[in-house]
Amino acid sequence: MGTALGHLRVVDFSNSLAGQYCARLFADYGASVMLVEPVGGSPLRGMAPFSQAGDSLQFFHLNTNKHSLVLDRDTEEGDATFAMLLAGADVAVLPNDTDPEAISAAYPSLVVVRPSLFGTDGPRAHWQGPEIVLQALSGMMHNNGAAGREPLFGTGNRAAIASGVGAFVGALAALYVREDSGQGQVVRIDAAETAAAMCFPYIMQHIYNGTVRQRTEQAVQAGQVLCRDGWVCIWIYNFRWHALLEALELGELEHDPRFADPADRRANWDVLFAIFQAKVADMPAEDLVEILQRAQVIAAKAYRPSELVHNSHLDARNYWSEVDGRRMLGPAFRLTRTPRQVSAAAPQPGDVAPPAWTPRSTIAARPTSSGQRPLDGLRVIELTTAWAGPMSGRVLAYMGAESIHVEAPNRVNSWRLNKDRPNPHNFPDMEPGDRWYDRSFLFNSQNVNKLSCILNLKTEGGRATLRRLVAVADVLICNFRPGTLKKLGVDYESLTAIKPDIIVAELPAFGVEGKMSSYAALGPTMEMAAGMSAMIGYPGGQPEVTGPSYLDPIGGFNAAAAILTALIHRQKTGEGQYVEVPQVEAAMQLIGAEILKAGETGDDPAPNGNRVPFASPHDAFPTKGDDQWIAIAALDETQWRALCQAMGQRELADDPRFTDLARRRDNEDELTEIIAAWTSNHDKHQLAESLQSAGIAAAPVQDPKDVAEDPYLAHRGFFTELDHPDAGRHRHPSLPIHLSTTPGAQLRSAPPFGWHNRHVLETILKLSPEEVAAIEASDAMGTEPLAGA
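This structure is a prediction, so every number in the text was calculated from the model and none was measured.

Participant: What exactly am I supposed to notice about helix α6 (residues 158-181) here?
Facilitator: Think of an α-helix as turning once every 3.6 residues; residues three or four places apart then point the same way. Taking 1.5 Å of rise per residue, 24 residues should cover 34 Å, and α6 covers 35 Å from first to last C-alpha, within 8% of that figure. Burial within α6 is extensive, with 22 of its 24 residues counted as buried. The positive-phi residue at the C-terminal boundary of α6 is Gly182, with phi of around 75°.

Participant: Can you help me understand the pairing of strand β3 (residues 67-70) in this one?
Facilitator: Of the strand pairs in this sheet, strand β2 (residues 32-37) and β3 are connected by 4 bridges, and their pairing is parallel. Directly across from Val36, in β3, lies its bridge partner Leu69. At this point the chain moves from β2, through helix α2 (residues 57-63), to the parallel β3, and the crossover so formed is right-handed.

Participant: Would you take a moment to explain the packing of helix α15 (residues 388-398) against helix α21 (residues 551-573) for this structure?
Facilitator: When two helices pack together, their arrangement is given by the angle between the helix axes and by the axis-to-axis distance. Interaxial distance between α15 and α21 falls to 7 Å at its minimum, and their mutual angle equals 50°. When the axis of α15 is compared with that of α21, the two are oblique. When the axes of α15 and α21 are compared, the crossing they make is right-handed. The residues of α21 that touch α15, namely those facing Ala388, Met391, Ser392, Val395 and Leu396, are Asp552, Pro553, Gly556, Phe557, Ala559, Ala560, Ile563 and Leu564. A class-by-class count of the residues in the contact of α15 with α21 yields 10 nonpolar, 2 polar and 1 charged.

Participant: Mind showing me how you'd approach the pairing of β2 here?
Facilitator: The side chains of a regular strand alternate between the sheet's two faces. Most of β2 sits out of view: 5 of its 6 residues are buried. Direction of pairing for strand β1 (residues 9-12) relative to β2: parallel, over a ladder of 4 bridges. Counterpart to Val11 in the pairing with β2 is Met34. Note that the unit made of β1, helix α1 (residues 17-28) and β2 has a crossover that is right-handed.

Definitions and cut-offs
Residues numbered from 1 in each chain as written. Predicted model: local features only at pLDDT ≥ 70, side-chain atom pairs only at ≥ 80, totals over all residues. Heavy atoms only, no water. Helix = DSSP H or I, 4+ residues; strand = E, 2+ residues; numbered from the N terminus. Expected span 1.5 Å × (residues − 1). Buried < 20%, exposed > 50% of the residue type's maximum accessible area, 1.4 Å probe, protein only. Pairing = 2+ DSSP bridges. Right-handed = clockwise from strand over helix to strand, strands pointing away. Axes fitted to C-alpha atoms, helices over the stretch in contact; angles between N-to-C directions. Parallel < 35°, antiparallel > 145°, perpendicular 65-115°, else oblique. Left-handed = near helix turned anticlockwise from the far one by under 90°. Contact = heavy atoms within 4.5 Å. Nonpolar A, V, L, I, M, F, W, Y, C, P; charged D, E, K, R; others polar.

In structure tokens form, the structure reads like this:
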């Protein structure tokens, strides 16, 4: 089989998680990637966790399939080699100390990718950004953990690596438009802005109606039970209540007044789950999940990372790869014609001589039209719901694609909230209004720039209209259960008969094959299944999930990356293909090093709040106000001493309990009390600014109001004001991917239900007035959701 990106050369000069993961994705799909390291090696070679052989598993995870070149750019020879590499490359991924605009000007056809933490200008450009800082600023951390306790940052380096996916998306979009224009450009992405983009539903809620989601107000829909061999998360939709009780053989509870309706269940939630716990305590966790999933109740085991390495579902999918005798994670996404190819483990420093790359021939640049976006001219059909699927289409629409969001009148997007009684918190000014299904902040946050077309795919007329759309489309995205497209007669094989070069992307939580392939999932249960939740929590407590369904937007980013990879291949060859984005497998990439470590040792990191092996303090501490917190991380001894000075307690640095990292970790409870007593008298924003100015990693734990008013995000242009015919004018959070010449944009608010039915029929399909009238009069098309849809 061929490769999608085998015609590309990439030089990875980066020294960041985001940069090296971006370049690894290029390598996975065939690009020739040269990792250029300074004398002494990439700093990521010293990053924990480490293998039993002593090398960095983080570096190994991010650098498979690359070659290494050690380069001293301060020498004449090194400078000449640097120039030669840039002249011969298609993409250059840069470190923070390199000027991307200068390089772009010198090499006009080069796509220059510049990942960073906070950018090089504006507020926080000088800030340090370990994961706890990124999550604190994003609004994500504010949602995590128990009310009254310190909020939890999560695990690993998820925001930083997610920004690497975004960098890859931006680079591919720039390459796609370069094929026509001949012009490269600069792609910028900040990890801090990416982290905020993963969390904006609650920000949008605040913008819509001024409410601030608190941990004390989290809607009760999920709970956990401890089975014989692990925890299971059960997600209880009100409309699945009967099915849940039937599956657990607890039908008598349906008539118990304590659980008669959703409000009663919420009031007696702990009592309810105590009953569930007694019922399932001796069951194997996977058996319970299978029973519940057969009843169409969403549930997942909280797999420990070491369990994933021997997971029968992953094994049946041939997920794991081996390179040079070492285990590595499988692909983030699968392409049928151009699958990932593994050729080499992470390189040793300087494993090759400078390559004899000839300069790329410069195509005469053709000026881009004003307002051009990189995917202008592409057409996308979305058969999607909730967050992950619409997010992928939203990324493509932001880049210029015409995305048609197709719903059925009897099966509308769940984020229109039509299955449950409208909750005022979801609407502008707390008012559902007559067309409440068009006023939900959830739906309107994810469907910016799109068209709405309502087709009843259970009718032949609806399916026939969809097939006509496919004939003039480039991409179809679906995030329903595997097999849904086939039931509708619009699976990949059927669609290629209509449009041979169509790209069809499905986003099943667990893949299209394997014993768990039919399982339904949400962001929180995918976090459980991916091995993340087992590492997040308070000591001795249950696994925790993070934010508003953290893995859903990650799934959307990965799907956009997969689709763009397939589009680059089609641009070169004319071939479409089928794309599979198993969201759990894609999410595992974010904690790849931790999974590899657990697989080697059999030991799993025990949940320990925000405390980590590599830094102390590393936690959230109370500040002035109700449930207000600051995240502080002393990442080395210099920062620790600076923190003692900032506290006005220099003597702590020489206190025998705290003189080095090991002693601080041994006495962390006492240290936490001392720091908390100090922080509790300060404003979180002012204190974070002061600590960062002193060289200490810190950040306010921001709530949705803080994020909506964040000066850094305002400087980045993160919010766009858009008018909606039913919801009114509001600021909408944007995406963190910035292209210098053909930037993405948010131009239109999310569409009302069926708003573009006639436009699709008349302008896109060019049907006659008689055909349009016939379809509109039939049950193939609708303009309002059916009751209970």
